[in-house]
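Tertiary structure, described
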Amino acid sequence: MPIIKSAKKAARQATKRTANNAGIKKNIRLALKAFKKSPTAKNASKIQSEYDKAVKKGLLKKNTASRRKAAIAKTAKAAGVKLTAAAKKPVAKKPTAVKKTTATKKPAVAVKKPTTTAKKPTATKKKPAAKK
């Protein structure tokens, strides 16, 4: 058992993270099992979504998930399932407010700051190389 306070906290965090990771892995396995049982577009979408969640949580690397999703797509295609991209809901654009320009406004004038002290250029002479 850890004795140091930070080690105790790290142990608590590790148990929580292990439980969360186990849950995510379980969801992946269940979705994969459902897809293998009946390869439908809905099941394929579900398993691909689970892989994306695992990548987002840092459980799987991006390329690993991509490779597995490609295998799912290949299996679905062989089964005759047509996978379609998720239809995005159209975002309603808000009307932009029109800025009113007024002729009475004066343009901003740049104000020059007075120079306080100018640095004097220093002339540095190189010393001749020392003789041996």
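Everything discussed here concerns the structure shown above.
Residues numbered from 1 in each chain as written. Predicted model: local features only at pLDDT ≥ 70, side-chain atom pairs only at ≥ 80, totals over all residues. Heavy atoms only, no water.

1. Let's talk about the pattern of salt bridges
Stated formally: Salt bridges, as used here, are contacts in which a Lys or Arg side-chain nitrogen is within 4 Å of a carboxyl oxygen on Asp or Glu. Secondary structure elements are taken from DSSP: a helix is a run of H or I of four residues or more, a strand is a run of E of two residues or more, and numbering for both begins at the N terminus. Buried means the residue's accessible area, taken with a 1.4 Å probe over protein chains only, is under 20% of the maximum for its type, while exposed means over 50%, and partly exposed covers the values in between.
If you walk through the whole model with that rule in mind, you get three salt bridges. Across the pair E50 and K53 runs a salt bridge, and its minimum N-O distance is 3.8 Å. With E50 and K53 both in helix α2 (residues 41-57) and three residues apart, this pair spans about one turn of that helix. A relative accessible area of 43% means that K53 is categorised as partly exposed.

2. A few points about the nonpolar core
Heads up, the condition is: What is meant by a nonpolar core is a set of buried Ala, Val, Leu, Ile, Met, Phe, Trp, Tyr and Cys residues, joined one to another through side-chain atoms within 4.5 Å. When checking whether two residues touch, look at their non-hydrogen atoms; a contact exists if any pair is within 4.5 Å.
I28, F35, I47, Y51, A54, L60 and I72 are the most contacted members of the largest nonpolar core, which has 13 residues in total. Breaking this core down by element, the ones donating at least two residues are α1 (5-37), α2 and α3 (62-78). The contacts of F35, once residues within four sequence positions are left out, are T40, N43, A44, I72, T75 and A76.

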